[in-house]
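Chain and residue survey
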Amino acid sequence: MVEIVTATEDGLKDGLPQPKGFVDEHVDEQGRTRDHYQPVQEWFNRLTPTQISALEEARNESFRRQGITFTVYGNEEGTERTWPMDLFPRIIDAQEWAGVEQGLAQRVTALNRFLDDIYSGEQAIIHDGIIPQHLITSCTGFEREAMNVSVPLGARCVVAGIDLVRGADGVYRVLEDNLRNPSGISYVIENRAAMTKLLPAAFANLAVRSVDHYGRSLLRVLRSIAPPACGDDPTIVVLTPGIFNSAYFEHAFLARSIGVELVEGRDLMVDDHVVAMRTTRGLERVDVIYRRIDDTFLDPVVFNPQSSLGVPGLMAAARAGTVTVANAVGNGVGDDKAVYAYVPDMIRYYLDEQPKIDNVTTYLLWDNDQRAEVLKRLDQLVIKPVAESGGYGIVIGPQASDAELAKTRDKILENPRRWIAQEVVNLSRLPAWNGKEFAPRHIDLRPFVLCGEQTEVIPGGLTRVAMREGSLIVNSSQGGGSKDTWVLGDANQAQEVQAKKTQTQKTQAQEQQAEENHR
Amino acid sequence: MLARHAEDMFWAGRYLERAEDTARMIRATLLSTVGESPAHGVERMGNLISTLRLEMPTSADTVQTMAESLTSTPPILHSTAGLGLDVQAAATALVASPSLAGSVVFCIGRARENFRSLRDQVPSELWEQINQIHLRMHQNDFSTTMEHDPFQTLDFIRVSCQSLTGVISTSMSQGEGYRFLVLGQSLERALMTCRLISVRYPELDGSSYDEMALTLRSVSALEAYQRASRSSPLASDVARFLLLDDAFPRSVLYCLRACEAHVNALSPVGKTPPMRHLGQLRSKLEYGDFETLLAELPVLLIDIEAGVRGVADDLSHYFFRNAEAFDLHCQAIGPGVSA
């Protein structure tokens, strides 16, 4: 029998009161397993450590064989690692998810309105004094080259990944927005595929909502933003930097599941403001580019002239409206961590609604008063560079040495605009297998939101796990793991699924019977 | 399809075929050395190395260096050092040395690289299969296994390659990409059979059944040959079978016909340069008088090899670079984009 330890710090085991400060997703304050975790927990309780190890082995073997790997930069040994997925799933019940879903749709809608306002609108939000102009123009991700390049439906952010955390109060809050090239969706789908194969019995009767339709949904969204002139059947491509990029697996996965060509910069060319790809039969016009290359590498004519990944003339074509680039260029202005602080204001401003999901308390360091306060309590806060992603450059005050804090202080004073400070969020926890037992580890959640004609939130998302005990850093580039995330259908649905299954089983049994009779 | 993808398909096919054919030839060669004198074995291995057109070091020292670059240290190297080439070590290197261009491991690695950039184009099963073979060949014990158990290892390689071909023909959409892949395989196969004949034919003149059998067996042709021709083999019969047999899928003529069928299907209109060249090559074999062909066999084989290479260049020029279509545009765009 495997013991599921819920709190190692105080040596407390399942069934005993929780230490203060963390929410354990699967048990309540009294230490009782929450209802929606009950079946899965029971299922895991029945496994022996040997069985768990066998499952882990099967999982690794399957990921290795399929080449589901990711690359860690600057790490000599094993630059290609198999994808780390913990076996214990994260489960979100239907009602809880409904709230998250609405909040995410609201947030991404407002962010799209904001991006379109800044790049092809009146910049009303600046003129109305909601966001200071200097904040926008000083963003690293603000691209003057994108000014007045319009995007059909104003869908500048077609695919968003919004990082959610649950603190001590258990409330979901947004930790950061990823509006440029959020990655991870392929792992969401592969995690599910792996779990379905490894632990089919654990899914019994739960009506876990499917994530497999992502490719179809993405295709629909990409079709909806094609330039109107290109007719009913736009040619869509996925643009990748190539096989040496850390997310190449995902790029290939997406191209395959949408059913379009995976192109590199050298496969494309621009002639007379029209983008075309080189095929075996000559040039073929391209209408929509789902690019997974960063802005500055996209077009050497207007951005980094050294880039060999991009396509010369692409921005001119986008400006001429003959091709749609998704996500649009310049979205970095929307996920800059200093602009992030204003997203609740954007929601109020553009949608005239109250935000359904709040931000984590954030301090802007270019503001003199806030900076002074922050510098006083640097050792209690998280300090983040505003334009980075992937967990690079983050300083966690309570865990940093004095020397690190002093260095951070100098950096902040040198360029306050480049940094923000946030209250430490005591990320919620779930058990993860550490080789011996299931022990609590901190987790967050990156759901994916698609925006085109309609907004669609993919059920669940990527649950990331800080695999080291006590660690709060969940990024896979920093040694984090992942979990399959199950969003449960509502109870009626569950019954329906059950009924359907019974029906299918009956039919199958009947067919078998018939077949046997036939023989 | 993308020109780059077509080219990757073509090369994946070539490397895959090269890996399989190399393993087959090594197997036949090793089999023929069993129970023979070391000198005999060295000669056979030397023959094989020239069939494969490999730059193989011939002195014992360099073979040893090469073998040391593998993970194991082979003590058997010294046993026949005086003869200049250690058969077992050479075979191991030909199979398992990742740094030896043309070794089986090298070819599988290249095929995998090509499939990796084609992951969105080929069925997942295909990728998983090649990945699995590649991973197995990169396990530490692979070269030791090859040394200790060469026949089983070589069979593993053949069966792996055949199962890949099986996945290709049963689970891949047989559109453009498939045709480029199979085209690459067929072209490489034609080339390898040509090379085999050119190296083996002089050996066959007036020689024993064993030599004939070795030659045929290295392309899995012995059984097919025996069924097709009931007389005991003559050198010219073997050459005719490997060059011209209508039904055997590794004969040069058969491979060229397969190439032709795929190129015809791939060519949009009219006769494209690769079509013309393939047609010329094939008709030379198909309609030539066999006695005349046989009389000038060495020259003929060189011609065919050169011709097949020429076809590969045509394909590259016509489909992968799409030269005519692109030249104009690239001039208009200026430096930074080369076709």
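Only a predicted model underlies this, so the values are computations on that prediction, with no experimental measurement involved. (Residues numbered from 1 in each chain as written. Chains lettered and ligands numbered in written order. Predicted model: local features only at pLDDT ≥ 70, side-chain atom pairs only at ≥ 80, totals over all residues. Heavy atoms only, no water.)

Turning next to the packing of aromatic side chains. Residues and elements named next belong to chain B. Applying the stated criterion across every chain yields a total of 20 aromatic pairs over all chains. For the ring pair Phe10 and Phe320, a centre distance of 5.6 Å and an interplane angle of 50 degrees mean the geometry is tilted. In this pair, Phe10 sits in helix H1 (residues 3–33) while Phe320 sits in helix H16 (residues 297–320), placing the two residues 310 residues apart along the sequence. For the pair Phe10 and Phe320, one class covers both residues: buried. Taking the centre distance of 4.9 Å and the plane angle of 85 degrees together, the rings of Tyr318 and Phe319 count as edge-to-face. We classify Phe319 as buried; its relative accessible area is 1%. Ring pairs connect the aromatic residues Phe10, Trp11, Tyr15, Phe180, Tyr318, Phe319 and Phe320, which therefore count as one cluster. The ring of Phe290 is capped by Arg240, whose NZ or CZ atom sits 4.3 Å from the centre of that ring. (Phe/Tyr/Trp six-rings, centres within 6.5 Å; stacked < 30°, edge-to-face > 60°. Helix = DSSP H or I, 4+ residues; strand = E, 2+ residues; numbered from the N terminus. Buried < 20%, exposed > 50% of the residue type's maximum accessible area, 1.4 Å probe, protein only. Lys NZ or Arg CZ within 6 Å of the ring centre and 35° of its normal.)

Residue and element names in this part refer to chain A. Here Pro447 shows up in the loop between strand S19 (438–446) and strand S20 (448–451). Take Pro447: its relative accessible area is 0%, and that puts it in the buried class. In this structure, the C-alpha to C-alpha distance between Pro447 and Glu101, residues 346 residues apart in sequence, is 9.0 Å. Apart from the residues within four sequence positions on either side, Pro447 is in contact with Trp97, Leu104, Ala160, Gly161, Ile162, Leu164, Gly460 and Gly461. (Contact = heavy atoms within 4.5 Å.)

Low pLDDT marks regions whose predicted coordinates should not be analysed in detail. Residues and elements named next belong to chain B. Residues of chain B with pLDDT of at least 70 account for 85%, and the chain-wide mean is 82. Mean pLDDT in chain B bottoms out at helix H17 (residues 323–333), which sits at 41, and peaks at helix H13 (residues 252–266), which reaches 95. Confidence drops under a pLDDT of 50 for residues 66–83, and excluding neighbours within four residues, the segment shows 38 contacts in the predicted structure. Counting interchain partners and residues more than four positions distant, the pLDDT-below-50 stretch residues 323–339 has 21 contacts. Scoring the predicted complex yields pTM 0.82 and, for the interface, ipTM 0.73. (pLDDT = per-residue confidence, 0-100.)

A few words on the sheet that holds strand S16 (residues 395–396) of chain A. Residue and element names in this part refer to chain A. Read across the open sheet, the four strands follow the order S14-S17-S15-S16; overall the sheet is antiparallel. Every interior strand has two partners, whereas the edge strands, strand S14 (362–364) and S16, have only one. Here S14 runs beside strand S17 (residues 419–423); their pairing, made up of three bridges, is antiparallel. By the bridge assignment, Tyr363 is partnered in S17 with Ala421. Here helix H13 (residues 368–376) sits on the sheet in contact with S14, strand S15 (381–385) and S17, set at roughly 120 degrees to S14. (Pairing = 2+ DSSP bridges. Axes fitted to C-alpha atoms, helices over the stretch in contact; angles between N-to-C directions.)

A word on helix H12 (residues 343–351) of chain A. Note on helix geometry: an α-helix contains 3.6 residues per turn, so any two residues three or four positions apart are oriented the same way. Residues and elements named next belong to chain A. Every buried residue of H12 is accounted for by Val343, Pro344, Met346, Ile347, Tyr350 and Leu351. End-on view of H12: buried residues confined to an arc of 155 degrees, all on one side of the axis. Contacts made by the buried residues of H12 are with helix H3 (94–120), helix H4 (124–127), strand S5 (172–178), helix H11 (337–340) and strand S13 (358–359). Asp352, located one to two residues past H12, shows a positive phi value of around 55 degrees. (Arc of directions from axis to C-beta.)

Residue and element names in this part refer to chain A. For strand S3 (residues 85–92), a buried count of eight out of eight residues is recorded, marking the element as mostly surrounded by other parts of the structure. Judged from the five bridges that link them, S3 and strand S23 (residues 480–487) form a sheet pairing that is parallel. Bridge assignment links Arg90 to a residue of S23, and that residue is Thr485.

This brings us to the interface of chain A and chain B. The interface of chain A with chain B comprises 31 residues on the first partner and 34 residues on the second. Both sides together, the interface formed by chain A and chain B hides about 2,900 Å², and carbon and sulfur atoms give 50% of it. The interface formed by chain A and chain B contains four salt bridges. The tally of links from chain A across to chain B stands at 20 residue pairs in polar contact (both at pLDDT 80 or more). (Buried area = accessible area lost by both parts, 1.4 Å probe. Salt bridge = Lys/Arg side-chain N within 4 Å of Asp/Glu carboxyl O. Polar contact = N/O pair within 3.5 Å; in protein donor to acceptor, adjacent residues only side chain to side chain.)

A few words now on the pairing of S5(A). All names here are of chain A. Burial analysis of S5 places six of its seven residues in the buried class, which makes it a mostly covered element. Sheet topology places strand S4 (residues 159–166) next to S5; six bridges connect them, and they run antiparallel. Among the inter-strand pairings, Asp163 is bridged to a residue of S5, identified as Glu176.

Take the layout of surface pockets next. A water-sized probe, rolled over the atoms, reveals where empty space remains. Residues and elements named next belong to chain A. Of the pockets and cavities examined, the second largest pocket occupies roughly 290 Å³. Lining the second largest pocket are 15 residues, and of these Ile394, Val395, Ile396, Ala400 and Glu404 sit closest to its centre. Among the elements that take part in the lining of the second largest pocket, helix H14 (residues 402–414) stands out by supplying four residues, more than any other. Of the residues in the lining of the second largest pocket, the class split is seven nonpolar, five polar and three charged. (1 Å grid on protein atoms, 1.4 Å probe; cavity = no way out; pocket = protein on both sides within 12 Å on 5 of 7 lines; lining within 4 Å. Points joined across faces, edges and corners; volume = space filled by probe spheres on them. Nonpolar A, V, L, I, M, F, W, Y, C, P; charged D, E, K, R; others polar.)

The next subject is the pattern of salt bridges. Pairing between side chains of opposite charge can happen when their charged atoms approach one another. A complete count under the given rule lists 51 salt bridges over all chains for this structure. In this structure, A:Asp267 and B:Arg4 form a salt bridge, with 2.5 Å as the shortest nitrogen-oxygen distance. Separated into two different chains, A:Asp267 in the loop between strand S7 (261–263) and strand S8 (268–271) and B:Arg4 in helix H1 make up a pair that spans both. Residues joined by salt bridges that share partners form a network here, namely B:Glu17, B:Glu20, B:Asp21, B:Arg24, B:Arg189 and B:Arg250.

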